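Results of the structural survey
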Amino acid sequence: MEKAIIGKKVGMTQIFDEMGKVVPVTVIEAGPCTVVQKKTQEKEGYSAIQLGFEDQKERRLSKPEKGHLAKAGVGFLKVLKEFKLDGADGMNVGDEVKADMFAEGDKIDITGISRGKGFSGVIKRHNASRGRMSHGGGPVHRHAGSMGAGGWPSKIFKGKIGAGQMGAEQVTVQNLDVVKVDPELNMIAVRGAVPGPKGGIVYLKSTVKNNG
């Protein structure tokens, strides 16, 4: 059965496994989430559930959001996310999803918004090589350099590397191991790094990789 939950990145730490080896982990506050909407094959043409996470002040929600949540009778929630799950038919509006949905040893994909780095040059942003540091190379050591001939095409094609805004985009890290689950604290420890800053919203779902 596929599993999914919304969480908040708490930070990184390290724990020891049963062999005494250090395991770097990211701690995620996963849920509790509430099923806000259920989509079915008969009505919408596919099976899915919409989960809501974290309480929100009423004044911070738009009128359509208030109406949507009032129809479900689940209170005011900050984050809504739809997940296509093969077990969605067995869940109903109002059901609660907690961290214990996952277990140690599960493989999951985590999606989040990466940390924003602001306007960055081509070397930092695309790992480009710098120009030589001697014999007439300056003052453009860290510039992108030539992008093509002047006669033809006399322009730069779209997709060429260049300076620009770096980070602050959706990133998915696949096939991470669930190392520990604490149902009482709603915490999940995942091996390795997870995109985004501390306090960032992340989405956990069973991995799409074939681990059979």
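All values reported here derive from a predicted model rather than from experimental measurement. (Residues numbered from 1 in each chain as written. Predicted model: local features only at pLDDT ≥ 70, side-chain atom pairs only at ≥ 80, totals over all residues. Heavy atoms only, no water.)

What to know about the pairing of strand 3 (residues 33–39)
Summarising burial for strand 3: five of the seven residues are buried, a large majority. Pairing of strand 3 with strand 4 (residues 48–55), which is carried by six bridges, proceeds in the antiparallel orientation. Pairing of Gln 37 across the sheet is with Gln 50, part of strand 4. For strand 3 and strand 6 (residues 96–97), the ladder comprises two bridges, and the chain directions are antiparallel. Note on strand 6: the bridge partner recorded for Thr 34 is Glu 96. (Buried < 20%, exposed > 50% of the residue type's maximum accessible area, 1.4 Å probe, protein only. Helix = DSSP H or I, 4+ residues; strand = E, 2+ residues; numbered from the N terminus. Pairing = 2+ DSSP bridges.)

Topic: the pattern of salt bridges
Applying the stated criterion to the full structure yields seven salt bridges. The shortest N-O distance in the salt bridge between Glu 54 and Lys 78 comes to 4.0 Å. Taken together, the residues span a long stretch of sequence, with Glu 54 in strand 4 and Lys 78 in strand 5 (residues 77–83) at a distance of 24 residues. The exposure class assigned to Glu 54 is partly exposed, which follows from its relative accessible area of 24%. (Salt bridge = Lys/Arg side-chain N within 4 Å of Asp/Glu carboxyl O.)

Some points on the packing of aromatic side chains
The full count for this structure, using the stated rule, is two aromatic pairs. Measuring from ring centre to ring centre gives 6.4 Å for Phe 83 and Tyr 203, while their planes differ by 65°; the resulting arrangement is edge-to-face. Taken together, the residues span a long stretch of sequence, with Phe 83 in strand 5 and Tyr 203 in strand 12 (residues 201–206) at a distance of 120 residues. In terms of burial, Phe 83 and Tyr 203 fall into one category: buried. (Phe/Tyr/Trp six-rings, centres within 6.5 Å; stacked < 30°, edge-to-face > 60°.)

Focus: the sheet that holds strand 1 (residues 4–16)
In space, the six strands of this closed barrel follow the order 1-2-11-10-7-12, with antiparallel pairing throughout. Mean inter-strand twist for the sheet, computed between neighbouring axes without regard to direction, equals 50°. Bridging between strand 10 (residues 170–182) and strand 11 (residues 187–191) involves four bridges; their strand directions are antiparallel. Paired with Val 178 across the bridge in strand 11 is Val 190. (Axes fitted to C-alpha atoms, helices over the stretch in contact; angles between N-to-C directions.)

A short note on the sheet that holds strand 5
Read from one edge of the open sheet, four strands run 5-4-3-6, paired in antiparallel fashion. A strand with exactly one partner marks an edge of an open sheet, and here the two such strands are strand 5 and strand 6. In terms of strand pairing, strand 4 meets strand 5 through six bridges, oriented antiparallel. Residue pairing for strand 5: Leu 51 is matched across the bridge by Lys 81.

A short note on the environment of Asn 92
Take Asn 92: it is sitting in the loop between strand 5 and strand 6. When the C-alpha atoms of Asn 92 and Thr 172 are compared, they prove to be 28 Å apart, with 80 residues separating the residues in sequence. Setting aside anything within four residues of it in sequence, one finds Asn 92 in contact with Val 35 and Lys 38. Here Lys 38 takes part through its side chain, which lies 3.4 Å from a polar atom of the side chain of Asn 92. (Contact = heavy atoms within 4.5 Å. Polar contact = N/O pair within 3.5 Å; in protein donor to acceptor, adjacent residues only side chain to side chain.)

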